[in-house]
Amino acid sequence: MLRGEVSPRYFTLVRNIGRQISTVIFHCLFTGVFISLLTYCSPNTFFCTIEKFYIEACDDGVDAVLAIDRVSNEMTLTGNTTLVASMGRLSTQNRNTNVGSLLGHAVWKAVDFDVISYKKTVLHLTENQTQDNKTFLSMINNVLTTDGFYFCTDYDLTHTLQRLANVSHDFQEMSLLERADQRFVWNGSLLREFLTQPEVLDPDPVIVMKPCRINGKIFEWILISRRSCFRAGVRYYVRGIDSEGHAANFVETEQIVLYNGGRASFVQTRGSMPFFWSQRPNLKYKPKPLISKNTNHMDGFQRHFDSQVLIYGKQTILNLINQKGSEKPLEQAFAKMVTGMENGMIKYVAFDFHKECSGMRWDRLNILVDNVAETQDEYSYFMVDTEGKVLSQQKGTFRSNCMDCLDRTNVIQSMLARRSIQSQLQRMGVLHVAQRIEEQADFEKIYKNAWADNANACAKQYAGTGALKTDFTRTGKRTQMGLVMDGVNSAIRYYKNNFSDGFRQDSIDLFLGNYAVDETDSPTPLRIQKDWKFLTLPIIMVVAFSMCIICLLMAGDTWTETLAYLLFWGTAAAVTAAVIVFNGRDFVDAPKLVQKEKMD
């Protein structure tokens, strides 16, 4: 039983998941508690009364009914389905959103959500609580409507094929929630109260599943990117690592091939440079990154790579950032820390992506691929034959990063993955020994588009827009239209990073349980007021700029008079703009719920 008496409680009903399946996530506002339950039922088996919610199991042969008291939150499980026969129901619309099958297990994508109040009324809330409640609800909806929530009712999507193949019998007997890799369970904080219930998790990966044909042989090609919920957030507000060694924007990408009973997978990772650095938005197009001077970087750095080696084996770091300008100190610090760690399991490779590929010379990316080819062959990949015999294990991973771990990183990962699938398909007998994967036009189109879609999905979650450089991923070359689209996306990123990412960061922190809502009527961080500069200076700048336009359109009696007015108002506008930019961090949309400076 979970309690909270101050405000209405809400649960979220995930709709349109296909096969008449719905996921119910219970959420309690103004108590700091998320009450979550993943129950799979048809829209005809969710019932609502004044006192209780009833959820009827939809599996064949199961007659259990879950009852949730709307006042006490007490949950009881009964076997009497006649309890709900005459009660009103909440109907939901259904669409087919099955994204495919993984080893015979259906994978679903959650695409629509309803938020319904536990309480019958909100009249007991104060005016401030009512306003905050609306804001918190909009934050929850902001996360839920971000594309990328997938789940499977009878298969663990959070683990790679290799990890699942090497687990014990006791591990397999555990519920999906208990055995899940908690890094990738985005509703983990919602499910903590239900660890004893063998229900299903709701991770936040990117999944592409495609049937493909080469030489008349049909195989399944699957791409899964699992985004970590540890140190999760948006582009400029979450960089580097935390004290536990969790890296920002950490993503594990697994490429899977299934053919004739055999299966193979190749795993790569990406994540922010694992030391303490930040890059706060300040109205400038590219804020200067800052390395913390008051923190012991090696503690978190060591923890990060200890966990990476434990999970993935040997590590080859591919650092793709610029080796000049504002990014240079970051590259130097990363290289210095790897050297100082003196760990033979970790190899560091620096590759200045922008310098090497300047002038549209994207063919020079093969320099990096060729440089690490021997290491990739040593690491190998995971493969099981048709009889279930393990033919090879992946002994290490490539950990790629750029500044955002999005655009440049995705390009390199797609090239390494192509080299891996070339070898896998040849061993499986799909490709002939002399054939090249690049020569298979139909598969190449699927492959390139899937990796570009993967880039876009990861970028939208972290940066707010689709990825850059996807024209190269889709076509194998840089195009003028691609450059134009990159410019558009960069402009959109600039606006979102400066004027809307604070809200997005707060939404993620609230959803993940990083912020606990106070159940009293004490002021919340949402009510912190901006100082006088926030409104006054922009108004002065707009008025001064407008007066400049008016002076041009309505000239004075003499040109000297017009020039004097233009100089006065132009100077006022320019000085005000300079003051705003100088105090840029006061004018951006910063997170309110969790002080990010304390986490760097």
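Sequence order as written defines the numbering, with residues in each chain counted from 1. With pLDDT at 70 or above as the cut-off, local features in this predicted model cover only qualifying residues; side-chain atom pairs require 80 or more to be listed or tallied, and sums for whole chains, interfaces and linings still use all residues. Derived side-chain values reflect all non-hydrogen atoms in the structure, with water molecules and hydrogen atoms excluded from consideration.

- Per an unreviewed UniProt entry, the chain is named SAC1 like phosphatidylinositide phosphatase a, and its organism is Hucho hucho.

### Re the nonpolar core
Soluble globular proteins tend to bury their nonpolar side chains together.
Here is step 1: By size, the foremost hydrophobic cluster in this structure holds 42 residues, and its most contacted members are F219, W221, L318, L365, L425 and F443.
Here is step 2: Starting at the N terminus, helices and strands are each numbered in turn, a helix being any DSSP run of H or I of at least four residues and a strand any DSSP run of E of at least two. Those elements that provide at least two residues to this core are strand 11 (205-214), strand 12 (217-227), strand 13 (251-259), strand 14 (262-270), helix 9 (365-371), helix 11 (407-428) and helix 12 (441-462).
Here is step 3: Among the elements that take part in this core, helix 11 stands out by supplying eight residues, more than any other. Nonpolar cores are built from buried Ala, Val, Leu, Ile, Met, Phe, Trp, Tyr and Cys residues. Side-chain atoms within 4.5 Å join them into one set. Three exposure classes are used, based on accessible area relative to the maximum for each residue type with a 1.4 Å probe and protein chains only: buried under 20%, partly exposed in between, and exposed over 50%.

### A few points about the sheet that holds strand 10 (residues 149-151)
Here is step 1: Whether two strands pair depends on DSSP finding at least two bridges between them. Strand order in this open sheet of three strands is 7-8-10, and the pairing throughout is antiparallel. The open sheet has two edge strands, strand 7 (98-102) and strand 10, and neither has a second partner. Across this sheet, the average inter-strand angle for adjacent strands is 25°, counted without regard to direction.
Here is step 2: As paired strands, strand 7 and strand 8 (residues 105-110) are joined by four bridges and run antiparallel to one another. Looking at strand 8, one finds that N98 is bridged to W108. All axes here are fitted lines through C-alpha atoms, helices being fitted over the stretch that makes contact, and every angle between N-to-C directions spans 0 to 180 degrees.

### Points about unusual backbone geometry
Most peptide bonds adopt trans geometry, and most residues besides glycine take a negative phi value.
Here is step 1: Backbone geometry places N215, a non-glycine residue, at a positive phi of 55°.
Here is step 2: Locating N215 in the fold gives a position in the loop between strand 11 and strand 12.
Here is step 3: When its relative accessible area of 34% is taken as the criterion, N215 is described as partly exposed.

### Points about the packing of helix 11 against helix 12
Here is step 1: Where helix 11 contacts helix 12, the two axes come as close as 10 Å, and the packing angle between them is 145°. Crossing of helix 11 against helix 12: the hand is right-handed. Across from N410, Q413, S414, A417, R418 and I421 in helix 11, the residues of helix 12 making contact are F443, E444, Y447, K448, W451, N454 and A455.
Here is step 2: Charged residues are taken to be Asp, Glu, Lys and Arg, nonpolar residues to be Ala, Val, Leu, Ile, Met, Phe, Trp, Tyr, Cys and Pro, and polar residues to be all remaining types, Gly included. A per-class count over the contact of helix 11 with helix 12 returns six nonpolar, four polar and three charged. By the definition used in this description, the sense in which the near helix is turned from the far one sets the handedness, with an anticlockwise turn below a right angle giving left-handed and a clockwise turn giving right-handed. In what follows, residue pairs with any heavy atoms lying within 4.5 Å of each other are defined as contacts.

### Side note on the pairing of strand 14
Residues in a regular strand project their side chains so that they alternate between the two faces of the sheet.
Here is step 1: Of all nine residues in strand 14, eight are buried; the element is thus mostly enclosed.
Here is step 2: Taken together, the nine bridges between strand 13 and strand 14 define a ladder with antiparallel strand orientation. Following the sheet pairing, Y259 is matched in strand 14 by G262.
Here is step 3: The loop that links strand 13 with its antiparallel partner strand 14 comprises two residues; one of these, N260, has a positive phi angle of about 55°.
Here is step 4: Both strand 14 and strand 19 (residues 382-384) contribute to a ladder of three bridges, which runs antiparallel.

### Here we look at helix 14 (residues 480-499)
Residues three or four positions apart in an α-helix share a direction because the helix packs 3.6 residues into each turn.
Here is step 1: Look at helix 14: 29 Å from first C-alpha to last across 20 residues, which is about the 28 Å you get at 1.5 Å a residue.
Here is step 2: Of the residues making up helix 14, those classed as buried are G482, D486, N489, S490, R493, N497 and N498. Seen along its axis, helix 14 keeps its buried residues to an arc of 150°; they face one direction. What points out from helix 14, more than 90 degrees from its buried face, is the exposed set Q480, M481 and Y495.
Here is step 3: Structurally, helix 14 contributes buried residues whose contacts are with helix 11, helix 12, helix 13 (470-475) and helix 15 (501-512). Take the residue count of a helix, subtract one, and multiply by 1.5 Å to get its expected span. By construction, the arc corresponds to the directions joining the helix axis to the C-beta atoms.

### Topic: the pattern of salt bridges
Here is step 1: In what follows, salt bridge is the name for a side-chain nitrogen of Lys or Arg lying within 4 Å of a carboxyl oxygen of Asp or Glu. This structure, assessed with the given rule, holds 21 salt bridges.
Here is step 2: For R303, the salt bridge goes to E244, with nearest N and O atoms at 3.7 Å. With R303 in helix 6 (residues 297-312) and E244 in the loop between strand 12 and strand 13, the pair connects residues that are 59 residues apart, well separated along the chain.
Here is step 3: Classification of R303 by relative accessible area gives partly exposed; the value is 43%.
Here is step 4: Assessed through its relative accessible area of 47%, E244 is described here as partly exposed.
Here is step 5: Across the pair E327 and K286 runs a salt bridge whose closest N-O atoms are separated by 2.9 Å. Taken together, the residues E327 in the loop between strand 17 (314-319) and helix 7 (328-341) and K286 in the loop between strand 15 (277-278) and strand 16 (290-291) connect sequence positions 41 residues apart.
Here is step 6: With a relative accessible area of 1%, E327 lands in the buried category.
Here is step 7: A single network of salt bridges, built from pairs that share partners, joins R163, D181, R183, R226, E252 and E254.

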